[in-house]
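# Coordinate inspection notes
Below are the chains, spelled out letter by letter.
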Amino acid sequence: MKTNKLRFIVFLLMFSLVAVACGGDTADDAAEAPDTTEAPQETLAAPATTAPPPEVIVVWAEEKVAEALNPLVGAYEAAAGVDVEVVAYDFGAIRTDVQTAGPAGEGPDVFLGAHDWVGELAANGVVSPLDLGSVASDIFEVGVTAFSYAGEVYGFPYATEAIAMYYNADLVDSVPTTWEEAKAACDAAGTEFCVGTPSNDAYHNHPFVASAGGYVFASEGGFDASDVGLDNAGAIASADYLDGLVKNGTVTNTDYGGALSNFQEGRALFWMTGPWARNDASAVNYGVGLIPQFDGNPATPFVGVRGAMVSSFSEKQVLAQSFILDFFATVEVQQAMYESDPRLPATKSLFAIVEAADPIAAQFAASASNGIPMPNIPEMGSVWGPMADALNVIRTQAYGTNEETGVTISNASDAVKLAAEQIRNAIAGG
Amino acid sequence: MIYLSMTLSKILRYIFLAVFNALIVYSIPLTLAYESWFFLSLIVVVGLLVNFVYFTEKFQPMKWILPGMIFMLSFVVFPAVYNTYVSFTNWSTGHILTKTQAINVLEDRVYTPEDQKGIEFEIYILQDSNLNFYYVAYLDVQNILFGKAVTNDEIFSTSLATHEPSLFNNGEFVPPDGFNLLTGKEQVANSSSLQELSLVIDKNTRAQLYKISVFGASTGRLSSTSQLYTYDDVNDSLVNNATNTICPVVKDNFECEGTEIEPGWRVFVGGENYRKLFSSQRIRGPLNVVAKWTFQFALLSVLLSFAVGLFLSMILNKDGLKFQRIYRAIFILPYAIPAFVSALVWKGLLNPDYGLINTWLGPIYDLIDMEPVKWLTTKESARTAVLLVNTWLGFPYMFLITTGALQSIPRELIEAAKVDGANGLQSFWRITFPLLMVSISPLLIGSFAYNFNNFTLIFLLSGGGPPIVGSDVSVGWTDILISFTYKLAISGGRGNLFGLASSVTIIIFALVLIISAISFRYTKRLERVYGNI
């Protein structure tokens, strides 16, 4: 008897809580009801004054970029009467999370990412085409190519990056134009190591396979996954050349951290990496030059391009487009972004400003202009592993016979041939 | 009087239930709004269950078990079931949406005939007193078009835009009477409605708002009045309006004249992934090598770290040892450092050219006239290094648990053995070790299962490398099943192969399950044998 009464009270308490939890809106409406009855005619007659709640544009950007962008969006918020919500997001997670959050109705309207995601995102239907229109003429061609997939452009490129060669300015005046001269410079300076760049990394090693005519995928009018050029004559010549450089000690087996500390401690004369490492490199008095040529061919680094894209699950397509083209793409915003997070400019107007002020950035830009964009097609996923493996074999001189498969890799050309074969098999086998 | 009889526990319980129920009731409309029937049923079932158990006195034990059960269901059983489900689908790059979502994405696409591409013009947006939107498209001086902006449903029933050059006076736009010209800010505020509207110029062409400019005039673009694709639900096919072709469904994509239209969608493919796994020589070849090494790695890791841990705990278990606690603390240190930090530090130490290990071993190499070991670059050195590092990471745990177990072994037993004339070794193997195994062996099995899937170490220390030269897929000598799965999942021919990778994890799950079941049975026998000592 006692417990029954007690339960009744608890139920009452419970339902009052429930009512508070889900009835918040109705309570507010009831409280506001008298106001609306007082002056109903006026509100109807003047529709322009009853402004709807401001639209919200959700932007996902990596932390540094978000920090740069955050103080700038205020101007747009004021001019457009919107809320721009810049979310600092882990860079790699943007790629995966737009694909899960978008279809679930949670994702961003605009996100800033790398061009090599475009193939995967477009194939998955989570990114909208972005016709650059009149803005396109201001963008370096490599940027537009990078964001093109299957005949459509999917983003506004705002920054490029490519590797070049840092040199220790206390020990050498510039980067020589040939590898032989680079080796001679190292011998003259007497450093323990010559050129530092990670072994097991297809990105940093791309110039070693592609400078003399090799390529990952043929790139005439969009990347063609059926044409792998990692074992053509040019690629084999480059691989043999790299083999020679390893054998004579010009490039040694190392990883990113090792190359970094060797350069910082003055134990390596040169360091092949990108503009993101400028802070690290400033531990010594450094300069930047082009990567030495391969038998007269300029080195072709992979060019990475960063851009702003519109999620196809955004319900504000036009607004998102307008945010990018009318605000983000303006040279003022681009310059302010550059000042707080310096990356190589992707637009000609910004480059003109940066070039004079920052000669090192200009060197990186010159290196990028010799390069090709990383292929953005989803098939690139099957390239990194085999390509890194082949380069690792050459860089560590790990030639020999595989006891399980009976395959022998006796020299550099075997390694790249095998990598090309693995890539073709992977693409054919799905 | 009733209130006084309420104990504190009851009050707390009812407050908790009240909050819990409020949350449950609050979330029901949310799941309804998202049409998430699975979560709705889950919430209702869990809600009823919790109320039933805590409001009645009949299920006393359930009150303790239920929270654990709910957490286990949501964090262990649900992911496992979901993973199994994914392994039976084609989930991969190009096939991550549902069919409805894919059709929506495709139907949203508009197209512009080749000769109208890239034409940009200023567009002015007007609103009449009935709040209808009107567009003025300034194509050029001769073509100033004005008309009501309509939604896609009305495109073919509305009247066409008319030429209204009079709207411009000396190049300045003059809005007609009765219309209100929208500023950029107002266009932004109405952008959700405006993006659905078009100004129909002729039967085939329309003008749409493309870019709202808050600093100047907004921009419009031309496009075809029809969408690029229309879905025909009677024939379950897609019609390409630009080329007038019919694109039927082929498995999980629409296919227009032999080319797949992206995106496709997820479908249930039955045992397809498993068949691929066992029939494709590409995958099966490395799978053998990897599976063998996974067993070796897990077994040796457990044995080595257990041996080192037991040895140290035996030594430090001596009575009257000075600084016993300090020694113990030192040996537990590797356990206190996160494994991923240790793995990366070891990676640096093991670098063959300038790593600390080879620098220290340098004199020894010279002494025995040996080539320095190229750590992590050959099969043997990489496998040795991985095992050494894992022993380093694993022994403190073993040290901890064996120290605890040793102290729980009654001292009289050892003394009795001594009286019976057993020497130290004999009493260890006959008395201490078997008793130790009774309490330790389930933990060893756990450790084996953990190392079987020790992705962190392999991924960070060796990345699976060095590569198995000559295999058809990218795979390395130190890859274990789970890191191989990861490589398979992210480096498929066309991007990610989540379905295929899930099927490998199911096989790993089955393997671990079988091994654990067998070992636990064996442990039970141990307990029976030594239980009455």
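Residues numbered from 1 in each chain as written. Chains lettered and ligands numbered in written order. Predicted model: local features only at pLDDT ≥ 70, side-chain atom pairs only at ≥ 80, totals over all residues. Heavy atoms only, no water.

### Concerning the domain arrangement of chain B
Residues and elements named next belong to chain B. What the domain assignment lists for chain B is domain 1 (3-87), domain 2 (110-224) and domain 3 (276-530). Using only C-alpha atoms to locate each centre, domain 1 and domain 3 end up separated by 39 Å. With four residues of domain 1 at the contact, the number on the domain 3 side is six residues. Of the roughly 380 Å² buried between domain 1 and domain 3 on both sides combined, carbon and sulfur atoms contribute 62%. By the criterion of area lost to domain 3, the three top residues of domain 1 are Asn 83, Val 86 and Ser 87, representing 83% of everything that side buries. At the boundary of domain 1 with domain 3, the tally comes to zero salt bridges. Partitioned by chemical class, the residues of the side of domain 1 that touches domain 3 number one nonpolar, three polar and no charged. (Domains from an automatic or database assignment. Contact = heavy atoms within 4.5 Å. Buried area = accessible area lost by both parts, 1.4 Å probe. Salt bridge = Lys/Arg side-chain N within 4 Å of Asp/Glu carboxyl O. Nonpolar A, V, L, I, M, F, W, Y, C, P; charged D, E, K, R; others polar.)

### Thoughts on the domain arrangement of chain A
Residue and element names in this part refer to chain A. Domain annotation for chain A reports domain 1 (56-161 + 304-357) and domain 2 (164-300 + 377-428). Contacts between the two partners involve six residues from domain 1 and, on the opposite side, five residues from domain 2. Note on domain 1 versus domain 2: buried area summed over both sides is about 550 Å², and carbon and sulfur give 67% of it. Three residues stand out in domain 1 for area buried against domain 2, namely Asp 116, Tyr 149 and Glu 161, and they jointly supply 49% of the buried area on that side. On inspection of domain 1 and its partner domain 2, the count reaches zero salt bridges. There are zero residue pairs in polar contact (both at pLDDT 80 or more) connecting domain 1 and domain 2. The biggest single contributor to the side of domain 1 that touches domain 2 is helix 7 (residues 118-123), with three residues. (Polar contact = N/O pair within 3.5 Å; in protein donor to acceptor, adjacent residues only side chain to side chain. Helix = DSSP H or I, 4+ residues; strand = E, 2+ residues; numbered from the N terminus.)

### Some thoughts on helix 16 (residues 348-357) of chain A
Residue and element names in this part refer to chain A. Leu 350, Phe 351 and Val 354 are the residues of helix 16 that are buried. Considered in projection along helix 16, the buried side chains sweep an arc of 100° and stay on one side of the axis. Seen from the open side of helix 16, the exposed residues pointing more than 90 degrees away from its buried face are Ala 352 and Ala 356. The inward-facing, buried residues of helix 16 contact helix 15 (331-340), strand 15 (344-345) and helix 17 (359-370). (Buried < 20%, exposed > 50% of the residue type's maximum accessible area, 1.4 Å probe, protein only. Arc of directions from axis to C-beta.)

### Structural notes on the state of the cysteines
A covalent bond bridging the sulfur atoms of two cysteines is what the word disulfide describes. All names here are of chain B. With the rule as written, the count across this model stands at two disulfides over all chains. A disulfide bridge connects Cys 247 with Cys 256, and the sulfur atoms are separated by 1.8 Å. Residues Cys 247 and Cys 256 are joined through a disulfide that is right-handed, its torsion about the S-S bond being 85°. Given the relative accessible area of 0%, Cys 247 is considered buried. (Disulfide = S-S within 2.5 Å.)

### Description of a nonpolar patch on the surface
Residue and element names in this part refer to chain B. Taken together, the side chains of Phe 38, Phe 39, Leu 42, Phe 78, Tyr 82, Tyr 85 and Phe 268 define a hydrophobic patch exposed on the protein surface, amounting to about 710 Å² of accessible area. For the nonpolar patch, the secondary structure elements donating two or more residues are helix 3 (37-55) and helix 4 (60-87). Counting through the fold element by element, Phe 78 comes out in helix 4. (Patch = residues over 30% accessible without salt bridge, like charges linked within 9 Å, V, L, I, M, F, W, Y side chains within 5 Å. Areas by Shrake-Rupley, 256 points an atom, 1.4 Å probe, with all protein chains shown as cover.)

### A look at helix 12 (residues 356-367) of chain B
Residue and element names in this part refer to chain B. Burial in helix 12 covers these residues: Ile 357, Asn 358, Gly 362 and Tyr 365. Each buried residue of helix 12 sits inside an arc of 150° when the element is viewed along its axis, so together they form one side. Of the exposed residues in helix 12, those oriented more than 90 degrees away from the buried face are Trp 360, Pro 363 and Leu 367. In the core, the buried residues of helix 12 are packed alongside helix 11 (339-349). Following helix 12 by one or two positions, Asp 369 adopts a phi angle in the positive range, close to 55°.

### Some thoughts on the sheet that holds strand 9 (residues 193-196) of chain A
Note on sheets: strands pair through backbone hydrogen bonds, and any given pair is parallel or antiparallel. Residue and element names in this part refer to chain A. One open sheet accounts for four strands, arranged 9-12-8-13; its pairing is mixed. Taken across any chain shown, the strands that pair with only one partner, and hence form the sheet edges, are strand 9 and strand 13 (286-289). Shown here is a sheet whose adjacent strand axes are inclined to one another by a mean of 20°, direction ignored. As defined by bridge partners, strand 8 (residues 164-168) adjoins strand 13 across four bridges and the pair is classed as antiparallel. Its bridge partner being in strand 13, Tyr 167 is matched across the sheet by Gly 287. Where helix 9 (residues 179-189) meets the sheet, it contacts strand 8, strand 9 and strand 12 (268-273), and its direction lies at approximately 140° from that of strand 12. Strands in contact with helix 12 (residues 256-264) are strand 8, strand 9, strand 12 and strand 13; relative to strand 12, the strand with the most contacts, it is inclined by about 140°. (Pairing = 2+ DSSP bridges. Axes fitted to C-alpha atoms, helices over the stretch in contact; angles between N-to-C directions.)

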